[in-house]
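One letter stands for each residue in the lines below.
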Amino acid sequence: MTVPRNDERSPLRRVAGSTAGRSAIVVAVFVAALWGIEVVDSIAGNALDQWGIHPRDGGDAVRGIALAPLLHGGWEHLAANSVPALILGFLGLIAGAGRFLLATAIIWVVSGIGVWITGGTNTVVIGLSGVLFGWMTYLAARGLFTRKPLDLIVGVTLMVLYGGMLWGVLPGQPGVSWQAHLWGAVGGVVAAVLLGRRARSESGPGNSRQVGAIAS
């Protein structure tokens, strides 16, 4: 006869060791890092903001694309992006960290290149909002391609709660890069198509082991 072994870990450790716990920790650390970067930027007199994307300036294009989402134009800008980053990042990670990180890389690059090509002349574009729009469209659309009930439910729920934010892909508020929003949203759809079809192909007969590895 066997009996279940007692889990001697504290409730806090059990939560932290769960998928939801790990996802929450990862996204919280990421957002905390953004606040840390803004602290450094404030001390440096906002000098880091010049490391953003300079549209059609080839000198530091790669650096700008890589760093722009990590920089913000002040505490209000960062605070506005932090809450959606926590929510969307958590939802993406809990459904499959590896796939979500790959989706983020696609969104990051598509948004950055799009802004570099179409952004306003003599401007510097910074902020996480392009990535956030990409996360939104990726999470909203992926269920259409994976055909997984949970993905579909998350997608519908996000469209009901946050679908209005997609109006941000249109020109409007001065000082806000609608191009980053637009290309981020495009990157999210691209990621949903590519990774959703991949997930469907790998969930076919005989591929359960591979799917489990990707979704971990």
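The coordinates are above.
Now for a look at the structure at hand. Keep in mind it's a predicted model, so treat the numbers as computed, not measured.

Now for the layout of surface pockets. Approximately 620 Å³ is the volume attributed to the largest pocket. As for the largest pocket, its lining consists of 33 residues, of which His77, Ile126, Ser129, Ser177 and His181 are closest to the centre. Counting only elements with at least two residues in the lining of the largest pocket, the list comes to α4 (75-94), α5 (97-118), α6 (129-146) and α8 (178-202). For the lining of the largest pocket, the per-class residue count stands at 19 nonpolar, 13 polar and 1 charged.

Moving on, we get to the packing of α4 against α6. Two numbers describe how α4 lies on α6: the axes approach to 10 Å, and their chain directions differ by 35°. Here α4 runs over α6; the crossing is left-handed. Touching Asn81, Pro84, Ala85, Leu88, Gly89, Leu91 and Gly92 of α4 are Ser129, Leu132, Trp135, Met136, Leu139 and Arg142, all from α6. Class assignment of the residues belonging to the contact of α4 with α6 gives a composition of 8 nonpolar, 4 polar and 1 charged.

Calculation rules
Residues numbered from 1 in each chain as written. Predicted model: local features only at pLDDT ≥ 70, side-chain atom pairs only at ≥ 80, totals over all residues. Heavy atoms only, no water. 1 Å grid on protein atoms, 1.4 Å probe; cavity = no way out; pocket = protein on both sides within 12 Å on 5 of 7 lines; lining within 4 Å. Points joined across faces, edges and corners; volume = space filled by probe spheres on them. Helix = DSSP H or I, 4+ residues; strand = E, 2+ residues; numbered from the N terminus. Nonpolar A, V, L, I, M, F, W, Y, C, P; charged D, E, K, R; others polar. Axes fitted to C-alpha atoms, helices over the stretch in contact; angles between N-to-C directions. Left-handed = near helix turned anticlockwise from the far one by under 90°. Contact = heavy atoms within 4.5 Å.

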